[in-house]
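# Topology and contacts: notes
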Amino acid sequence: MSAVKLAIIYYSTYGTNHAMAEIAAEAARSAGAEVRLLRVAETAPEAVVNAQDGWKAAAEAQKAVPVATPDDMEWANAYLFSGPTRFGQATSQVRSFIDTLGGVWFKGGLANKAISAMTSAQNPHGGQEATILGLYTTFLHWGAIIVAPGYTDAAIFAAGGNPYGYSHTQGAALDDKAKAAIGHQVRRLVEIAGKLAA
Ligand SMILES: Cc1cc2nc3c(=O)[nH]c(=O)nc-3n(C[C@H](O)[C@H](O)[C@H](O)COP(=O)(O)O)c2cc1C
């Protein structure tokens, strides 16, 4: 069995981060990790979700994805978070999930675990870096070990050049360049998590 147990925790209103998380899951499994692909619970009222065709369709498409729990965070020894920006910050849905983790944190269940984050935004300068860095502030409080991609591979430059984590701009395709950058980020995460677990 793999030493690396990776929880990919994502939130996606319109499907972008869902697709990014699936790309990451495939790359992580190929790298030998045991992977749980998990979505955080939707906190918006059902009536609000159903009032927007795009939101409703994405919610339908994600129904089968298990909802992340604190137990998943305890199980994993590596984490990848993915979620869109909301005015330069992580979504309230992601923050709500994070707010359930006090108990696991108190037991030391989040410490010394490798972690990384991805995001998406409407605009290239619409808060992509700030959203990832905001999550990293929280991860530092956990004592998790941040594994950002940095400029460690040509794939980062080819896909927008964000060294903090892959970030996707709406409207662009999740093409081979995006897949290569996500793949590099997650392989690096799995590699470092494996070393920490050794
Ligand atoms: C309330 C709200 C605030 C947003 N704020 C920003 C923003 O500040 N900058 C930006 O570029 N995009 C912003 N967006 C666009 C989202 O980031 C975009 O819809 C998201 O990246 C799509 O990801 P998803 O398909 O996984 O939901 C916002 C969207 C909503 C609904």
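We now turn to the structure provided with this report.

Another point: the overall build of the protein chain. Regarding its fold elements, the protein chain presents nine helices and seven strands. Against the globule reference of 16 Å for 198 residues, the protein chain gives a C-alpha radius of gyration of 16 Å, in line with a compact fold. Projected onto the principal axes, the alpha-carbon positions of the protein chain cover approximately 50 × 40 × 30 Å. Contacts in the protein chain between residues far apart in sequence, at least 24 positions, make up 79% of those at least 6 positions apart. In the form shown here, the protein chain has an accessible surface area of approximately 9,200 Å², with 55% of it arising from carbon and sulfur atoms.

Overall, the coordinates contain seven aromatic pairs when judged by the stated rule. Taken together, a centroid distance of 6.0 Å and an interplanar angle of 50 degrees make the contact between Y136 and F139 tilted. Pair noted here: Y136 and F139 are both in helix α7 (residues 128-142), with a separation of three residues, about one helical turn. Of the residues examined, Y136 reaches a relative accessible area of 5% and is grouped as buried. Consider the rings of F139 and W142, whose centres lie 5.1 Å apart with planes at 40 degrees: the pair is tilted. Here W142 and F139 lie together in helix α7, a separation of three residues that amounts to about one turn. Classification of F139 as buried rests on a relative accessible area of 0%. A relative accessible area of 8% means that W142 is categorised as buried.

As a structural note, the neighbourhood of the ligand is formed by 17 residues, with S12, T16, N17, S120 and G126 the closest of them. Contact distances for the ligand include 3.4 Å between an oxygen atom and a backbone N or O atom of A121. For the ligand, an oxygen atom lies 2.9 Å from a polar atom in the backbone of N123. Computed on the free molecule, the ligand has an accessible area of 640 Å², of which 81% lies beneath the protein chains in the complex. Looking at the shell around the ligand element by element, the count peaks at three residues for strand β3 (residues 78-86).

Cut-off values and rules
Residues numbered from 1 in each chain as written. Predicted model: local features only at pLDDT ≥ 70, side-chain atom pairs only at ≥ 80, totals over all residues. Heavy atoms only, no water. Helix = DSSP H or I, 4+ residues; strand = E, 2+ residues; numbered from the N terminus. Rg over C-alpha atoms; globule rule 2.2 N^0.38 Å. Contact = heavy atoms within 4.5 Å. Areas by Shrake-Rupley, 256 points an atom, 1.4 Å probe, with all protein chains shown as cover. Phe/Tyr/Trp six-rings, centres within 6.5 Å; stacked < 30°, edge-to-face > 60°. Buried < 20%, exposed > 50% of the residue type's maximum accessible area, 1.4 Å probe, protein only. Near = heavy atom within 4 Å. Polar contact = N/O pair within 3.5 Å; in protein donor to acceptor, adjacent residues only side chain to side chain.

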